[in-house]
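# Tertiary structure, described
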Amino acid sequence: MVWLILFVFGLMIGSFLNVVALRYDGEHFVLDPKEIGGRSHCPHCRKQLAWYELIPVASFLIQGGKCRNCKKRIGAWYPLVELLSGLIFLLVPFRLSLALAAPVAFSAIWIFAFEVLLLVAYIDIRLGIIPDELNIALLVAGFVETWFLAANFGIRNPSFFGPFSVFFGLQANVWVNHFAGAVFGAAFFGALVAVTRGKGMGVGDVKLAAPLGLLFGWPDILMLAAFAFVAGAAFGLVAIALRRKTMGSAVPFAPFLVLGAVFAFFAGSGFFNWYFRLIGF
């Protein structure tokens, strides 16, 4: 019952994220009441929606993905974001309970972080920007998470890559580890911006990489970034093959950093276990 309640609550939060992302214009504060306030309405005919048209996922399925009034298609983003949010509330505490026997407060920090990352990816896909206030929210989450680790698990850093993290060093002190992750994220992506003169990477990605580094620590941020580049390259090749993109096309990179965060959090240790078994180590 607890897991079901978490999932349903996550669906509701996802519905709210849809409102925030779709009403954000890039000029106002993300949670500006004037921007996100007001009743929900159809994006086509502007008709206000009744409560039974706003039930997460269910309303979309019952209505066949169409507005009840104008019969025009409603974007599949609505139920997808709601489902992803529900899965965050469900799977994040489950993962932490397996890895660290983590208390509720620690799960809450990571749920908050992944909800913010979901909003970051959504806005970057839609507008090609990453709001500074969301990066600040992730920085705060990173500070709180680092303090929580030091206070509850001792000063030694617990990495999502398990015992394999000792090969990369900086594991003896959780504060040093996580600040090193932030420095690496900012320096690495900052260097890419400098080398490509802003054509290969945007400053917004640098601002996102630093709080991700603080949140995940070292070497998790390294593996996060590596997976993000692999996923981004795979997407680019498929898009070019399908003639949806060209070699010169700009592609938002924040969604791939978010995918890298998902990989590091949920599959980091499992990946290393598989890899070292594969090479017989």
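Residues numbered from 1 in each chain as written. Predicted model: local features only at pLDDT ≥ 70, side-chain atom pairs only at ≥ 80, totals over all residues. Heavy atoms only, no water.

### Quick notes on the overall build of the protein
Operational definition: Helix numbering and strand numbering both begin at the N terminus, where a helix is a DSSP run of H or I of at least 4 residues and a strand a DSSP run of E of at least 2. Every residue pair with non-hydrogen atoms within 4.5 Å of one another is taken to be in contact. A 1.4 Å probe and the Shrake-Rupley method give the accessible areas. Residues count as covered only by the protein chains that appear here.
For the protein, the count of helices and strands is ten helices and zero strands. For the protein, the N- to C-terminal ordering of α and β elements is α-α-α-α-α-α-α-α-α-α. Taking the principal axes of the C-alpha coordinates as reference, the protein spans close to 60 × 50 × 40 Å. Considering only intrachain contacts with a sequence separation of at least 6, the fraction spanning at least 24 residues in the protein is 68%. When the accessible area of the protein is evaluated, it comes to approximately 14,700 Å², of which 70% is carbon and sulfur surface.

### Points about the packing of helix α5 (residues 104-127) against helix α10 (residues 254-278)
Put simply, the rule reads: Between N-to-C directions, angles cover 0 to 180 degrees, with each direction set by a line fitted to C-alpha atoms, over the stretch in contact for helices. Orientation is classified from the angle alone, with under 35 degrees giving roughly parallel, over 145 giving roughly antiparallel, 65 to 115 giving roughly perpendicular, and any other angle giving oblique. Note on convention: the crossing is left-handed when the near helix lies turned anticlockwise from the far helix by less than a right angle, right-handed when the turn is clockwise.
Two elements in contact, α5 and α10, have axes whose closest approach is 8 Å; the angle formed by their N-to-C orientations is 155 degrees. The orientation of α5 relative to α10 falls into the category roughly antiparallel. Considering how the two elements wind past one another, α5 and α10 form a crossing that is left-handed. When α5 is examined against α10, the residues Trp110, Phe114, Leu117, Val120, Ala121, Asp124 and Ile125 are found in contact with a partner set consisting of Ala254, Pro255, Val258, Ala261, Val262 and Phe265.

### What about the nonpolar core?
Generally speaking, soluble globular proteins have nonpolar side chains that are buried together. What counts, and what does not: The nonpolar core is taken to be a set of buried Ala, Val, Leu, Ile, Met, Phe, Trp, Tyr and Cys residues, with the residues joined through side-chain atoms within 4.5 Å. Burial here depends on accessible area, computed with a 1.4 Å probe over protein chains only, as a share of the maximum for the residue type. Under 20% is buried, over 50% is exposed, and the range in between is partly exposed.
Judged by nonpolar contacts, the single largest core of 63 residues is most densely connected at Trp110, Phe114, Leu208, Leu212 and Phe216. For this core, the elements supplying multiple residues, two or more each, are α1 (2-23), α4 (77-99), α5, α6 (132-152), α7 (174-196), α8 (203-216), α9 (220-241) and α10. Residue contacts for phenylalanine 114: discarding those within four places in its chain leaves Ile88, Val92, Phe216, Ala261, Val262 and Phe265.

### Concerning the pattern of salt bridges
What counts here: One speaks of a salt bridge when a side-chain nitrogen belonging to Lys or Arg is within 4 Å of a carboxyl oxygen belonging to Asp or Glu.
For the coordinates displayed, the defined rule picks out one salt bridge. Residue aspartate 132 pairs with lysine 207 through a salt bridge whose shortest N-O separation is 3.3 Å. With aspartate 132 in helix α6 and lysine 207 in helix α8, this pair connects stretches of sequence that are 75 residues apart. Of the residues examined, lysine 207 reaches a relative accessible area of 38% and is grouped as partly exposed.

### Side note on the packing of aromatic side chains
Pairs of aromatic rings are described using the distance from one ring centre to the other and the angle between the two planes. Put simply, the test is: To pair, rings of Phe, Tyr and Trp, with the six-membered ring standing in for Trp, must have centres within 6.5 Å; the planes then decide the type, stacked if under 30 degrees apart, edge-to-face if over 60, and tilted in the middle.
Per the counting criterion, the structure on display carries 26 aromatic pairs. Arranged with centres 5.5 Å apart and planes meeting at 10 degrees, the rings of phenylalanine 184 and phenylalanine 188 form a pair that is stacked. A residue pair is termed a helical-turn pair when its members lie 3 or 4 positions apart in one helix, as phenylalanine 184 and phenylalanine 188 do in helix α7 at four residues. Of the residues examined, phenylalanine 188 reaches a relative accessible area of 32% and is grouped as partly exposed. Centroid distance phenylalanine 184 to tryptophan 218: 5.2 Å. Interplanar angle 65 degrees. Geometry classified as edge-to-face. Separated by 34 residues along the polypeptide, phenylalanine 184 in helix α7 and tryptophan 218 in the loop between α8 and α9 bring together distant segments of the chain.

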